[in-house]
Amino acid sequence: MNAVEKQSNFSHRLTTSGFRFTPQRQQVYDVLLHKRDHPTADEVFIRAKKQMPEISHATVYNCLDALVKSGLIRQVTLDRGATRFCPNMHEHCHFYCDECDQVFDVDLPAKAHDAVALPRGFRAEHFDIAIHGSCADCAKKKK
């Protein structure tokens, strides 16, 4: 998908969800796509401000809310920590490193929905799974 198609898809998703395209929403989305490290809203604000100095904290929160409601990003809540944001909309779970606080995407098996025995009549829409442990770098340091 080229840049024009990505821009068109972004605008279309916003519009069909009842939101309009704004440069601020684009900037916040670009921040999330640029470094896929599951930043908090405060981290998104700091990064967005570098490219768009006039953007406010409230605007970033409103942009994140619109992007979530449009299905362009998802919220990731891990235990009691601050909500983080993820632009990966494919089915996946998250690995949280308890040592360095980084969050990593982990692909799920293709038939993950079939691997979990749900009660009769239940239907899973998506998974929200968090795995805790040590990332490869932190595990090496522990040895």
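Residues numbered from 1 in each chain as written. Predicted model: local features only at pLDDT ≥ 70, side-chain atom pairs only at ≥ 80, totals over all residues. Heavy atoms only, no water.

What follows is about the state of the cysteines. Across all of its chains, the model carries 0 disulfides by this definition. Considering cysteine sulfurs only, C86 is the nearest to C63, which forms no disulfide, with 18 Å between them. Take C63: its relative accessible area is 4%, and that puts it in the buried class. Just so you know, C138 is unpaired, no disulfide at all, and the nearest cysteine sulfur is the one on C135, 3.7 Å from it. (Disulfide = S-S within 2.5 Å. Buried < 20%, exposed > 50% of the residue type's maximum accessible area, 1.4 Å probe, protein only.)

The next thing to look at is the pairing of strand β3 (residues 92-97). Along any regular strand, the residues point their side chains to alternate faces of the sheet. For β3, the tally of buried residues reaches 6 of 6 residues, placing the bulk of the element in the interior. Residues of β3 alternate between two faces, with H92, H94 and Y96 on one and C93, F95 and C97 on the opposite face, all of them buried. In this structure, β3 lies alongside strand β4 (residues 103-107), joined through 5 bridges in antiparallel fashion. Considered in β4, the bridge of Y96 is made with V103. Connecting β3 to the antiparallel partner β4 that follows it, the hairpin turn spans 5 residues, and D101 within it adopts a positive phi of roughly 70 degrees. Across 4 bridges, the pairing between β3 and strand β5 (residues 130-133) is parallel. Looking across to β5, one finds that H94 is bridged to A130. (Helix = DSSP H or I, 4+ residues; strand = E, 2+ residues; numbered from the N terminus. Pairing = 2+ DSSP bridges.)

What links the strands of a sheet is backbone hydrogen bonding, and the strands pair in either a parallel or an antiparallel sense. Spatially, 3 strands are ordered β4-β3-β5 in an open sheet, and the strand pairing comes out mixed. The sheet is open, and its two borders are formed by β4 and β5, each paired with just one other strand. Pairs of neighbouring strands in the sheet enclose a mean axial angle of 30 degrees, with direction left out of account. (Axes fitted to C-alpha atoms, helices over the stretch in contact; angles between N-to-C directions.)

Looking now at the nonpolar core. Within the largest apolar cluster, 19 residues are counted, with the highest numbers of intra-cluster contacts made by V28, V44, V60, L64, L67 and I73. Where this core is concerned, the elements lending two or more residues are α1 (3-16), α2 (23-34), α3 (41-51) and α4 (57-69). Contacts of V44, omitting those with residues within four sequence positions, involve V28, V31, L32, P39, V60 and L64. Counting residues in each nonpolar core, the second largest holds 5 residues, with L78, C86, Y96 and V103 among its members. (Core = buried A, V, L, I, M, F, W, Y, C linked by side-chain atoms within 4.5 Å. Contact = heavy atoms within 4.5 Å.)

Buried residues of α3: A41, V44, F45 and A48, and no others. Projected down its long axis, α3 carries its buried residues within an arc of 100 degrees, all on one side. Exposed and facing more than 90 degrees away from the buried side of α3 are I46 and K50. Packing partners of the buried residues in α3 comprise α2, α4 and β2 (84-86). (Arc of directions from axis to C-beta.)

The subject of this paragraph is unusual backbone geometry. Comment: phi is negative for the bulk of residues other than glycine, and the bulk of peptide bonds are trans. Although it is not a glycine, H38 sits at a positive phi angle of roughly 60 degrees. Along the chain, the position of H38 falls in the loop between α2 and α3. In this model, D101 sits at a positive phi of 70 degrees, which is unusual for a non-glycine residue. By the secondary structure assignment, D101 is in the loop between β3 and β4. On the basis of relative accessible area, D101 is assigned to the partly exposed category, the value being 39%.

Coordinates in, geometry out; function isn't part of it.
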